[in-house]
Amino acid sequence: MKLSQREINDVVILEPKGKIMGGPDATLLHDKLHELIKDGKKKVIVDLAKVDWMNSTGLGILISGLTTMRNNGGELKLANVTDKIESLLTITKLITVFENYDSLEEALNSFKT
Amino acid sequence: MPKVIKEPGKIIIPSDVAYLQMLDEFLEETLRGFGVSESDIADIAISVTELANNAIIHGNKENPEKVVDIRIKLINGAVEIIVSDEGKGFDTLALPDPLTEENLFKENGRGIFIVRSLMDKVDIKIRKDNGTVIKLVKKIKRVHK
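On a predicted model such as this, the values are computed, not experimentally measured, just so you know. (Residues numbered from 1 in each chain as written. Chains lettered and ligands numbered in written order. Predicted model: local features only at pLDDT ≥ 70, side-chain atom pairs only at ≥ 80, totals over all residues. Heavy atoms only, no water.)

**Student:** So, unusual backbone geometry: which residues are in play, and what are the values?
**Tutor:** All names here are of chain B. For lysine 61, which is not glycine, the phi torsion reads 50 degrees and is therefore positive. Positionally, lysine 61 belongs in the loop between α2 (38–59) and β3 (67–75). A positive phi is found at glutamate 62, a non-glycine position, where the angle reads about 60 degrees. Residue placement: glutamate 62 occurs in the loop between α2 and β3. A residue is classified by how much of its surface remains accessible, and glutamate 62, at 45% relative accessible area, is partly exposed. (Helix = DSSP H or I, 4+ residues; strand = E, 2+ residues; numbered from the N terminus. Buried < 20%, exposed > 50% of the residue type's maximum accessible area, 1.4 Å probe, protein only.)

**Student:** How would you sum up a negative patch on the surface? Please name residues and give values.
**Tutor:** Residues Asp83, Glu86, Asp102, Glu105 and Glu106 of chain A make up a contiguous surface patch of negative charge. Listed by contribution, the elements that provide at least two residues to the negative patch are α3 (83–91) and α4 (104–110) of chain A. (Patch = residues over 30% accessible without salt bridge, like charges linked within 9 Å, V, L, I, M, F, W, Y side chains within 5 Å. Areas by Shrake-Rupley, 256 points an atom, 1.4 Å probe, with all protein chains shown as cover. Salt bridge = Lys/Arg side-chain N within 4 Å of Asp/Glu carboxyl O. Lys, Arg positive; Asp, Glu negative; His and termini not counted. Charge placed at Lys NZ, Arg CZ, Asp CG, Glu CD.)

**Student:** Account for the pattern of salt bridges, with residues named and values stated.
**Tutor:** In total, this model carries 17 salt bridges over all chains according to the counting rule given. Between arginine 6 of chain A and glutamate 15 of chain A there is a salt bridge whose closest N-O contact spans 3.1 Å. Of the charged contacts in the structure, one is a salt bridge between lysine 125 of chain B and aspartate 123 of chain B, with a shortest N-O distance of 3.1 Å. Classification of aspartate 123 of chain B as partly exposed rests on a relative accessible area of 27%. Each of the salt bridges in this network shares a partner with another, and the network as a whole consists of Lys19 of chain A together with Asp24, Glu28, Arg32 and Glu38 of chain B.

**Student:** Describe in detail the packing of helix α1 (residues 20–34) of chain B against α2 of chain B, supporting the description with residues and values.
**Tutor:** Residue and element names in this part refer to chain B. In contact at an axis separation of 10 Å, α1 and α2 are set at 145 degrees when each is read in the N-to-C sense. Remark: the crossing between α1 and α2 carries right-handed chirality. Together, Leu20, Leu23, Asp24, Leu27, Glu28, Leu31 and Arg32 of α1 and Glu38, Ile41, Ile44, Ala45, Val48, Thr49, Ala52, Asn53 and Ile56 of α2 make up the contact between the two elements. Within the contact of α1 with α2, the residues separate by chemical class into 10 nonpolar, two polar and four charged. (Axes fitted to C-alpha atoms, helices over the stretch in contact; angles between N-to-C directions. Left-handed = near helix turned anticlockwise from the far one by under 90°. Contact = heavy atoms within 4.5 Å. Nonpolar A, V, L, I, M, F, W, Y, C, P; charged D, E, K, R; others polar.)

**Student:** Hey, could you go over the environment of alanine 18 of chain B for me, with residue numbers and the actual values?
**Tutor:** Topologically, alanine 18 of chain B is positioned in the loop between β2 (10–14) and α1. Each C-alpha atom of the pair alanine 18 of chain B and asparagine 53 of chain B lies 9.9 Å from the other, and the pair is 35 residues apart in sequence.

**Student:** Provide a residue-level description of the interface of chain A and chain B, including the pertinent values.
**Tutor:** Contacts between the two partners involve 28 residues from chain A and, on the opposite side, 25 residues from chain B. Interface area for chain A against chain B, summed over the two sides, is near 2,100 Å², with a carbon-plus-sulfur share of 65%. For chain A, the biggest contributors to the area lost against chain B are Met21, Trp53 and Lys84 of chain A; these three give 26% of the whole. Along the contact surface separating chain A from chain B lie three salt bridges. Secondary structure elements with two or more residues in the side of chain A that touches chain B: α1 (24–38), β4 (51–54), α2 (56–71) and α3 of chain A. Here the side of chain A that touches chain B is composed, by residue class, of 12 nonpolar, 11 polar and five charged. (Buried area = accessible area lost by both parts, 1.4 Å probe.)

**Student:** So what about the packing of α2 of chain B against helix α3 (residues 111–118) of chain B? Which residues, and what values?
**Tutor:** Residues and elements named next belong to chain B. For the pair α2 and α3, the least separation of the axes is 9 Å and the interaxial angle reads 150 degrees. In terms of their interaxial angle, α2 and α3 are classed as roughly antiparallel. Our pair here, α2 against α3, has a crossing hand that is left-handed. Mapping the contact onto sequence places Asp43, Ile46, Ser47, Glu50, Leu51 and Asn54 in α2 and Gly111, Ile112, Ile114, Val115 and Leu118 in α3. In terms of residue class, the contact of α2 with α3 is built from six nonpolar, three polar and two charged. (Parallel < 35°, antiparallel > 145°, perpendicular 65-115°, else oblique.)

**Student:** Can you break down the side chain of serine 56 of chain A residue by residue, with the values?
**Tutor:** Topologically, serine 56 of chain A is positioned in helix α2. Given the relative accessible area of 12%, serine 56 of chain A is considered buried. Among the polar contacts made by the side chain of serine 56 of chain A, one reaches the side chain of glutamate 50 of chain B at a distance of 2.3 Å. (Polar contact = N/O pair within 3.5 Å; in protein donor to acceptor, adjacent residues only side chain to side chain.)

Here's what the structure looks like:
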């Protein structure tokens, strides 16, 4: 997995690429989310367009990022969730927990309201 | 640390999560060779990396002298995978339900639940002081061969 980051206005967009299955790559995403919280970032979008799949390690990282972000007054939203990941979010009921948008633009707009 | 052993239908990796990437590559190559569809390849790779991750961390406790053994074969329109570790096993009945309200926000505890959802058959055998053996069966749609 590779991870890139950019910022539009005050929204941080994280763009992982590849598969999130545990190991050093997964630690990278976990550490990045917690680093953003330390830096006082409160609006984060994880754009999953280029993530082929993830296992429970990936889901755990996202839920941990979400709860830590919310506990600090912020929000983590998902964009461009692929079919495979959406099906995992559905069977684990995490689909009910995350704000999930079909495009990055919609996710960005949701922070404006 | 033991070396990786890779043969057709078999890979043995040391207890280090850094080897999960190699395991995924082995699975994809093997399953493509079987003519398995991309969607089924993803389901199997999710499940096997899940179990290998558990075996490395919870089973073998990341002991570098212990290994995780993965075998994969095609039988009668289904893929059968066996994942074995050298740990002390776990109580399958004690696994928490990840869908309950108190567990929904937990970082861990979804692995076996996901594997059971994606595979057609999951058989877990705990060998006392001799590791855990998990057999998975997934009926597959073949794209060629």
